Amino acid sequence: MSTQNQTLLKIQNLEAEVDGVQILKGLNLTVNAGEIHVIMGPNGSGKSTFSKVLVGHPAYTVTNGNILFKGKELLDLSPEKRARSGLFLAFQYPFEIPGVNNIDFLRLAFNTHRKEKGLPEFDPLEFYSLVIEKLKLVNMNPSFLYRDVNEGFSGGEKKRNEILQMALLQPTLSILDELDSGLDIDALKIIAEAVKHLMSADKAIILITHYQRLLDYIKPDFIHVMQSGLIVKTGGFELAQELEQKGYDWLNSTKKLEEIPSLIK
């Protein structure tokens, strides 16, 4: 049976806070298999908070609503179990882990997912053969495998390392937080092509970005605009073009015009 159009993620009335400050204020979103969703919005609108709440970052507290992932309540799961169930977050600012060899880190993550699925783990030689193939996808030099995780990597190299993890783990739903930040045009093209290659009918992607330029390479099915912890508008690619031309104040002006009749009443 085809998995396309199967609902992978359903978020209802999600509210969340950090340090007692409410950031998400009743967010709703549905993502089906085979879809690419883009979330745009000004700084402070809640985009990164949303991504971290999805993966269970301990600094964020959900105060209302629910998140169903593949039909099961995600909020009941620890961050580790969320990852093993097929959720993946590529960080806006990937962490450096001094003292941890990159290839060892990648193999541990890969084998943990294999074990969760009841599959045999890869030994170092088997994994090396696999990861060398995946490196080609993101155009990374094999020498990066033997450096500490992200330590001394440029911004673009860190982002490639994130997508390398995505290629190895094959998540069902990938949340890519500002994938394009810090990338020159050549790196952006390479990473965009890799992301498109990893997309399939049984998977979905949520891209969080400020700029249209990423969307010139990855065409989304839906674009959502987030403001003040809510999705306030949804559209197609043309919405990103409007935002590029008019900015976000245009949406605020439109909202005010829509409110005039109710104010007159």
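Since the model is a prediction, treat every value here as computed from it, not as a measurement.

Engineer: How do you make sense of the layout of surface pockets when you look at a structure like this?
Structural biologist: If a probe as big as a water molecule is rolled over the atoms, it shows which places are left empty. A volume near 870 Å³ is recorded for the largest pocket. Forming the boundary of the largest pocket are 28 residues, of which Pro 79, Ala 83, Phe 91, Phe 105 and Gln 165 lie nearest the centre. Counting residues per element, the ones that place at least two in the lining of the largest pocket are helix H1 (47–55), helix H2 (79–84), strand S6 (87–90), helix H3 (102–116) and helix H5 (155–169). No other element matches the five residues that H3 contributes to the lining of the largest pocket. For the lining of the largest pocket, the per-class residue count stands at 17 nonpolar, seven polar and four charged. Reported here for the second largest pocket is a volume of approximately 180 Å³. Lining the second largest pocket are Phe 69, Lys 70, Lys 72, Glu 73, Leu 74, Leu 77, Lys 81, Arg 84, Ser 85 and Glu 116. Of all the secondary structure elements, the ones that give two or more residues to the lining of the second largest pocket are strand S5 (72–73) and H2. Taken together, the residues of the lining of the second largest pocket sort by class into three nonpolar, one polar and six charged.

Engineer: I tried to follow the pattern of salt bridges on my own but got confused; where do I start?
Structural biologist: Note on pairing: side chains with opposite charge can pair once their charged atoms come close. Scanning the entire structure with this criterion turns up four salt bridges. Lys 136 is paired through a salt bridge with Glu 133; the nearest N and O atoms lie 3.0 Å apart. One end of the pair is Lys 136 and the other is Glu 133, both in helix H4 (residues 124–138) and three residues apart, which spans about a single turn. For Glu 133, a relative accessible area of 47% corresponds to the partly exposed category. Among the ionic pairs, Asp 202 bridges to Lys 203, the shortest N-O distance being 3.7 Å. Given the relative accessible area of 38%, Asp 202 is considered partly exposed.

Engineer: I tried to follow the pairing of strand S3 (residues 36–40) on my own but got confused; where do I start?
Structural biologist: The side chains of a regular strand alternate between the sheet's two faces. Most of S3 sits out of view: five of its five residues are buried. Here S3 runs beside strand S10 (residues 204–208); their pairing, made up of four bridges, is parallel. Paired with Val 38 across the strands is Leu 207, a residue of S10.

Engineer: Help me understand the sheet that holds strand S1 (residues 7–18) in this model?
Structural biologist: With antiparallel pairing, the four strands of this open sheet are ordered in space as S2-S1-S4-S5. Both edges of this open sheet fall to strand S2 (21–32) and S5, since each of them pairs with a single strand only. Pairing analysis gives eight bridges linking S1 to strand S4 (residues 60–69), with the strands arranged antiparallel. Residue Lys 10 lies in a different strand from S4, and its bridge partner there is Leu 68.

Engineer: It is not clear to me how the nonpolar core should be interpreted in this structure. Could you clarify?
Structural biologist: General note: in soluble globular proteins, nonpolar side chains tend to be found buried as a group. If you look at the biggest cluster of nonpolar residues, it comprises 46 residues, and the most contacted ones within it are Ile 163, Leu 176 and Leu 207. Per element, the largest residue contribution to this core is seven residues, and it comes from helix H6 (residues 185–198). Within the second largest apolar cluster, 28 residues are counted, among which are Leu 8, Leu 9, Val 53 and Ala 204.

Engineer: So what exactly am I meant to see when it comes to the packing of aromatic side chains here?
Structural biologist: The relation between two aromatic rings is expressed through the spacing of the ring centres and the mutual angle of the planes. Scanning the model with the defined rule gives four aromatic pairs in all. Judged by centre distance (5.0 Å) and plane angle (70 degrees), the rings of Phe 110 and Phe 122 are edge-to-face. You can see Phe 110 sitting in helix H3 and its partner Phe 122 sitting in the loop between H3 and H4, a full 12 residues away along the chain. For Phe 122, a relative accessible area of 22% corresponds to the partly exposed category. For the ring pair Phe 110 and Phe 127, a centre distance of 5.5 Å and an interplane angle of 45 degrees mean the geometry is tilted. On the criterion of sequence distance, the pair formed by Phe 110 in helix H3 and Phe 127 in helix H4 is long-range, its members being 17 residues apart. Judged on exposure class, the residue Phe 110 and its partner Phe 127 are both buried. Aromatic ring contacts, followed pair by pair, group Phe 110, Phe 122 and Phe 127 into a single cluster. Here the guanidinium or amino end of Lys 219 rests over the ring plane of Phe 237, the centre of that ring lying 5.3 Å away.

Engineer: Would you mind going over H5 with me for this structure?
Structural biologist: Since the α-helix turns once every 3.6 residues, residues separated by three or four places project in the same direction. Across its 15 residues, H5 extends 22 Å between first and last C-alpha, which sits within 8% of the 21 Å expected from 1.5 Å per residue. With 13 of 15 residues buried, H5 lies mostly within the body of the structure. Positive backbone phi, at 50 degrees, marks Gln 170, one or two positions downstream of H5.

Engineer: I tried to follow the confidence of the model for the chain on my own but got confused; where do I start?
Structural biologist: Close reading of the predicted structure is inappropriate where its pLDDT is low. On average, residues of the chain carry a pLDDT of 88, and 93% of them reach 70 or more. Note that pLDDT drops below 50 for residues 256–265; the model gives that stretch zero contacts with residues more than four away or on any other chain.

What counts and what doesn't
- Residues numbered from 1 in each chain as written.
- Predicted model: local features only at pLDDT ≥ 70, side-chain atom pairs only at ≥ 80, totals over all residues.
- Heavy atoms only, no water.
- 1 Å grid on protein atoms, 1.4 Å probe; cavity = no way out; pocket = protein on both sides within 12 Å on 5 of 7 lines; lining within 4 Å.
- Points joined across faces, edges and corners; volume = space filled by probe spheres on them.
- Helix = DSSP H or I, 4+ residues; strand = E, 2+ residues; numbered from the N terminus.
- Nonpolar A, V, L, I, M, F, W, Y, C, P; charged D, E, K, R; others polar.
- Salt bridge = Lys/Arg side-chain N within 4 Å of Asp/Glu carboxyl O.
- Buried < 20%, exposed > 50% of the residue type's maximum accessible area, 1.4 Å probe, protein only.
- Pairing = 2+ DSSP bridges.
- Core = buried A, V, L, I, M, F, W, Y, C linked by side-chain atoms within 4.5 Å.
- Phe/Tyr/Trp six-rings, centres within 6.5 Å; stacked < 30°, edge-to-face > 60°.
- Lys NZ or Arg CZ within 6 Å of the ring centre and 35° of its normal.
- Expected span 1.5 Å × (residues − 1).
- pLDDT = per-residue confidence, 0-100.
- Contact = heavy atoms within 4.5 Å.

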